[in-house]
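Working through the structure, step by step
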Amino acid sequence: MAPLQITGQVLDVRRAGMYTVLSLTAPGLAERTRAGHFLNIGIGGEESGLLLRRSFAIYQVQSRGVYGGSVDIVVGVHGKGTQWLVDRRRHDNLSIVGPLGRPFTLPKEPANCILVGGGYGTAPLFMLADQLRERGCRVDVIAGAATEEKLFGTLEIKRAASTLTVTTDDGSLGVQGRVTDVLEDIITKTQADVVYACGPMGMLAAVAEIATARGVYSQCSVEESMACGVGVCMTCVLPVIGDDGITRMVRSCVEGPVFRGDRVRWSDVGTVPPDTLGAPTGGH
Amino acid sequence: MSRALITSGPIDPTVNLPAVDMSTSLGYFETPAPVFTASGCAAAGKELDQFFDITQLGGIVTKSVMMNARSGRATPRMAETPSGMLNSIGLQGPGIDSFIENDLAWLRQRGARTVVSIAGGSVEEYGKLAAKLRTVDGISAIEVNISCPNVEDRGQVFACDPNSSAQVIQAVRRNSDTKIPIIAKLSPDVTSIVSIAQAVERAGADAVAVINTTLGMVINLETMRPALGGITGGLSGPAIRPMAVRCVWQIHQALPQLPILGMGGIRNGEDALQFILAGASAVSVGTVTFHDPSAPIRVQQELEIALAQRGFATLREAIGFAHRGPDVAVIEEEQE
Ligand SMILES: Cc1cc2nc3c(=O)[nH]c(=O)nc-3n(C[C@H](O)[C@H](O)[C@H](O)COP(=O)(O)OP(=O)(O)OC[C@H]3O[C@@H](n4cnc5c(N)ncnc54)[C@H](O)[C@@H]3O)c2cc1C
Ligand SMILES: Cc1cc2nc3c(=O)[nH]c(=O)nc-3n(C[C@H](O)[C@H](O)[C@H](O)COP(=O)(O)O)c2cc1C
Ligand code: FES
């Protein structure tokens, strides 16, 4: 279904640890959204000098209610654009384009699923957990971050999961270490069929490597810098192996952000591997 | 009242503005509408068609295509800059055969006016691309992106030298149907853009597209290295608009008969009007599409309003209007 370009009004701005949750009116968005979709938001109004829209995973959507539908996103301040966003107040208007990208694909049969979120990467996993459970899947969640306040939504996600394992680099909450330190064990214990992951690229690479080595299917939602978010500029590419075995520089905004973990050439991200379709040849 | 007026934004919708004849032409390419997408900012139209009806535009200018598939450059390919951005995409694309088979076929079936942008690493490659396009229907014009390094001349950019620019245009002209207008796309990174425009006109260009991006650079302060994988990149967006208007002005002044497709940082109808008044016959909207995926059609609607507000009955009357002599009637009135 085609993405919408709409004006959303800020309904609520609330703090959650290091993050800010923004609720916006978004009529029609919920009906189109599946877990793993993202949206992008214009920064600074009509005449803004910050031209590029900022992308955010869709955290929650409501299709009804007084506002005729709304959407929630989780914002971590990174630079100027995200700072501007968390400074918004009730009744401010924001330009929204979405839902964008390819969502997570759900198993056809009930399956054992592990959901791994790094930092605000847990945001799209809430909807995913609900959708998986509706299909009779077992859901185990691993949430990791550098420190406790960089975790998002661990209390809430517990409700949708059979087990929740928290890791922090500094041990401020849960197991001290990384999500990948506990992943192997949980794959074994739950006899996992699928691993879903969203978080920083380094984490995704490590998660995909473990899943693939264990013969478990994985889906990773990547975060690449984007200029347009709608597929027209070719900014957001990474090397991905196609069904035909050929590596291409693929747009993560339309062919992702969710990719099969075993198809992304994680160690080559940020380069054009020499065997990529159309890679520069020695002669040029 | 025309459709555009009904959807007016900042203008008071109660004011009845007359419809403006928005038709224009670039060489023999006659189009009912003057706003185009910019090459590399609209892919081949399909994605933007989700946001607005692309057949209502003057036309879609497709991403520059080369003979063979190209992977493009390493990431990061983009850095945001004040009112603009740098890009170093590196002409990623599927190659001409796949482009014709898939993208062009889709555009034709969709009924969109299409300007195909081509890019090459040698004069010969440009000629071959033109020959390929000669065999297919549904092309309104060819835009020739000459801001490419010439592999046969130590990587010198064609667009920076009048002779190389002319050679490319000759090769394209020779291999194209005589009825297909050829638009040479110029780089602003030259000492005299007029001399390049003169060279390509003599070589057979029917129009010029002005301007391509201008070379820029950003250093990432975290890594303390260049921010882009390609080190340097092309600067675009409102930041370059005054430079683009100046280029259009200079070319129109020197070569008033040469049609110009103007672009560079157009954000709204009034920006577009500046280009028209400076001498452009039509305009492209590029980078701002990333900010607002409906920008091309919105700019077209706003341009109609901006023209009507200034009393223009046709777009054609406004082309180059800023070059006119003193407004005698007004001066006399003031002297009374
Ligand atoms: C698919 C996707 C989903 C995302 N989901 C979330 C989310 O749920 N919550 C959240 O807090 N953040 C999310 N991000 C990251 C968020 O988009 C960036 O933090 C934000 O764009 C940074 O903007 P800035 O102006 O604060 O930073 P600046 O560094 O000033 O941004 C400069 C430019 O670089 C781009 N950029 C910088 N960092 C990133 C990044 N990490 N990813 C993509 N583009 C970047 C910006 O879009 C902008 O164009 C997501 C990114 C993507 C691609
Ligand atoms: C991401 C990006 C990709 C571009 N790719 C091309 C291209 O393939 N061929 C070309 O002739 N110009 C290309 N351009 C230049 C634009 O067509 C246009 O000339 C320039 O960006 C100025 O207009 P703008 O400020 O409206 O974007 C590209 C620009 C951007 C931002
Ligand atoms: S961000 Fe433009 S193509 Fe993906």
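Residues numbered from 1 in each chain as written. Chains lettered and ligands numbered in written order. Predicted model: local features only at pLDDT ≥ 70, side-chain atom pairs only at ≥ 80, totals over all residues. Heavy atoms only, no water.

Residues annotated by UniProt as "domain: Dihydroorotate dehydrogenase catalytic" (unreviewed entry) correspond here to residues 31-305 of chain B. Taken end to end, residues 31-305 of chain B has its terminal C-alpha atoms 19 Å apart, with 33% of it in helix and 20% in strand. (UniProt positions renumbered as here; feature names shortened; annotations may be inferred. Helix = DSSP H or I, 4+ residues; strand = E, 2+ residues; numbered from the N terminus.)

Next up on the list: unusual backbone geometry. Cis peptide bonds are those with omega within 30 degrees of zero, and the linkage from Gly 98 of chain A to Pro 99 of chain A qualifies with -5 degrees. As for its placement among the helices and strands, Pro 99 of chain A is situated in strand 7 (residues 93-100). Omega for the bond connecting Thr 75 of chain B with Pro 76 of chain B falls within 30 degrees of zero, at -5 degrees, which places this linkage in the cis form. With respect to the helices and strands, Pro 76 of chain B occurs in the loop between strand 4 (60-61) and strand 5 (78-81). Even without glycine at this site, His 91 of chain A takes up a positive phi of about 80 degrees.

Glancing now at the nonpolar core. In terms of nonpolar packing, the biggest core is built from 116 residues, with Ile 118, Leu 133, Val 144, Leu 186, Val 210 and Ile 251 of chain B touching the most fellow members. In terms of residues, this core owes the most to one element, helix 9 (residues 295-309) of chain B, which gives 8 residues. When residues of this core are assigned to domains, at least three fall in each of domain 1 (4-100) and domain 2 (112-268) of chain A. If near-sequence neighbours (up to four positions away) are discounted, Leu 186 of chain B is found in contact with Ile 146, Ile 193, Ile 196, Ala 197, Val 200, Val 208, Ala 209, Val 210, Ile 211, Asn 212 and Ile 251 of chain B. (Core = buried A, V, L, I, M, F, W, Y, C linked by side-chain atoms within 4.5 Å. Buried < 20%, exposed > 50% of the residue type's maximum accessible area, 1.4 Å probe, protein only. Domains from an automatic or database assignment. Contact = heavy atoms within 4.5 Å.)

A few words on the packing of helix 5 (residues 179-190) of chain A against helix 6 (residues 201-213) of chain A. Residues and elements named next belong to chain A. For the pair helix 5 and helix 6, the least separation of the axes is 10 Å and the interaxial angle reads 25 degrees. Taken together, the axes of helix 5 and helix 6 are roughly parallel relative to one another. Handedness of the crossing formed by helix 5 with helix 6: right-handed. Only Met 203, Ala 206, Val 207 and Ile 210 of helix 6 make contact with helix 5, whose side of the interface consists of Val 179, Thr 180, Leu 183, Glu 184 and Ile 187. Its residues assigned to classes, the contact of helix 5 with helix 6 comprises 7 nonpolar, 1 polar and 1 charged. (Axes fitted to C-alpha atoms, helices over the stretch in contact; angles between N-to-C directions. Parallel < 35°, antiparallel > 145°, perpendicular 65-115°, else oblique. Left-handed = near helix turned anticlockwise from the far one by under 90°. Nonpolar A, V, L, I, M, F, W, Y, C, P; charged D, E, K, R; others polar.)

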